[in-house]
Amino acid sequence: METVVWSRPEDQRAGTPLLVMMHGYGTDESRMVRLFEYLPHEFTFAALRAPMPIGDHWGWFLLDYFLANDFADVISAANAVQAWINSVKHRHSSVTLMGYSQGMAMASTLLRLHPHDYKAVVGLSGFILNNELLSVMDSFETRPPFFWGRDKADLVINDDAIAYTAEWLEKNTLLTTRTYPGMGHAMSKTEMVDVSAFLRHYVLR
């Protein structure tokens, strides 16, 4: 990862729980940096910039309107993030993932590929990839804690993607789900209150 914004200087990170934050399609890490102040201060936050240029912004892999993707691009991006996490995780007490929109697809893909590496996952206004190869590999000895927040009226994530996401999360995770009427395809301060409670319960407790 060439661009990472940290919430703490390097000499203050050792032994803290790490929250790796991944932004959505066609935006950048600043979208996640804005959340730092609303989340538990015990964490070290790392907001990553996706590697693929999307106009003047960035994405993790190419998407079309129907959220179709090239699985090779997905795996390439996931491997790059995992390699970066592997390079820093030894300094931290645990690693938790947070993803917004396409970043939720990335976070959940990392969980599916490396289920023992992550304490919990937070998914915001996003989706789980419906992919046969990933589904074949899905195997969780214990259900990982997963927070899924969204607005039911979000028009960006299509109904089929929402249905698959709900089914996959119910089957594979210890799910906490919350909805926020009027939020749209976004994140909110109210949502961060719930995310903070989730992180305190499943990671800090």
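In case you missed it, the structure is sitting above this.
The notes below deal with the structure included here.

Basis of the calculations
- Residues numbered from 1 in each chain as written.
- Predicted model: local features only at pLDDT ≥ 70, side-chain atom pairs only at ≥ 80, totals over all residues.
- Heavy atoms only, no water.
- Axes fitted to C-alpha atoms, helices over the stretch in contact; angles between N-to-C directions.
- Helix = DSSP H or I, 4+ residues; strand = E, 2+ residues; numbered from the N terminus.
- Parallel < 35°, antiparallel > 145°, perpendicular 65-115°, else oblique.
- Contact = heavy atoms within 4.5 Å.
- Nonpolar A, V, L, I, M, F, W, Y, C, P; charged D, E, K, R; others polar.
- Pairing = 2+ DSSP bridges.
- Salt bridge = Lys/Arg side-chain N within 4 Å of Asp/Glu carboxyl O.
- Buried < 20%, exposed > 50% of the residue type's maximum accessible area, 1.4 Å probe, protein only.
- Phe/Tyr/Trp six-rings, centres within 6.5 Å; stacked < 30°, edge-to-face > 60°.
- Lys NZ or Arg CZ within 6 Å of the ring centre and 35° of its normal.
- Expected span 1.5 Å × (residues − 1).
- Arc of directions from axis to C-beta.
- Polar contact = N/O pair within 3.5 Å; in protein donor to acceptor, adjacent residues only side chain to side chain.

Regarding the packing of helix α2 (residues 71-88) against helix α3 (residues 102-113)
Where α2 contacts α3, the two axes come as close as 10 Å, and the packing angle between them is 75 degrees. Taken together, the axis directions place α2 and α3 in an arrangement best described as roughly perpendicular. Here Val74, Ile75, Ala77, Ala78, Val81 and Gln82 of α2 come into contact with α3, specifically with Met106, Thr109, Leu110 and Leu113. Residues of the contact of α2 with α3, tallied by class, amount to eight nonpolar, two polar and no charged.

Some thoughts on the sheet that holds strand β2 (residues 17-22)
Judged by pairing direction, the sheet is mixed, and its seven strands sit side by side in the order β1-β3-β2-β6-β7-β8-β9 without closing on themselves. A single partner strand is all that each edge strand has here, and the edge strands are β1 (4-6) and β9 (174-179). Here the average twist between neighbouring strands, direction ignored, is 15 degrees. Strand contacts of helix α6 (residues 189-204): β2, β6 (94-100), β7 (121-124), β8 (145-150) and β9, with the helix running at about 180 degrees to β8, the strand carrying the most contacts.

A closer look at the pattern of salt bridges
All told, the structure shown has three salt bridges when counted by the stated rule. The shortest N-O distance in the salt bridge between Glu29 and Arg49 comes to 2.9 Å. In this pair, Glu29 sits in the loop between β2 and α1 (30-33) while Arg49 sits in the loop between β3 (44-48) and β4 (52-54), placing the two residues 20 residues apart along the sequence. Of the residues examined, Arg49 reaches a relative accessible area of 24% and is grouped as partly exposed. Residues Lys89 and Asp117 are paired through a salt bridge, measuring 3.6 Å at the closest nitrogen-oxygen approach. Taken together, the residues Lys89 in the loop between α2 and β6 and Asp117 in the loop between α3 and β7 connect sequence positions 28 residues apart. For Lys89, a relative accessible area of 31% corresponds to the partly exposed category.

Considering the packing of aromatic side chains
Across all of its chains, the model carries six aromatic pairs by this definition. Considering the side-chain rings of Phe36 and Phe45, the 5.3 Å spacing of their centres and the 25 degrees angle between planes classify their relative orientation as stacked. With relative accessibility at 14%, the residue Phe36 sits in the buried group. When the ring of Phe43 is compared with that of Phe45, the centres are 6.1 Å apart and the planes differ by 10 degrees; the resulting orientation is stacked. The same class applies to Phe43 and to Phe45, which are both buried. One aromatic cluster in this structure is built from Phe36, Phe43 and Phe45. A cation over an aromatic ring shows up here: Arg13 above the ring of Trp6, its NZ or CZ 3.8 Å from the ring centre.

Remarks on helix α5 (residues 159-172)
An ideal rise of 1.5 Å per residue puts 20 Å on 14 residues; α5 measures up with 20 Å between its terminal C-alpha atoms. Listing the buried residues of α5 in full gives Ala161, Ile162, Tyr164, Thr165, Trp168, Leu169 and Asn172. Seen along its axis, α5 keeps its buried residues to an arc of 165 degrees; they face one direction. When the buried face of α5 is taken as reference, the exposed residues oriented beyond 90 degrees from it are Asp159, Asp160, Glu167, Glu170 and Lys171. Tucked inside the fold, the buried residues of α5 contact α3, α4 (132-137), β8 and β9. The opening residue of α5, the one whose side-chain oxygen lies 3.1 Å from the backbone nitrogen of Asp160, is Asn158.

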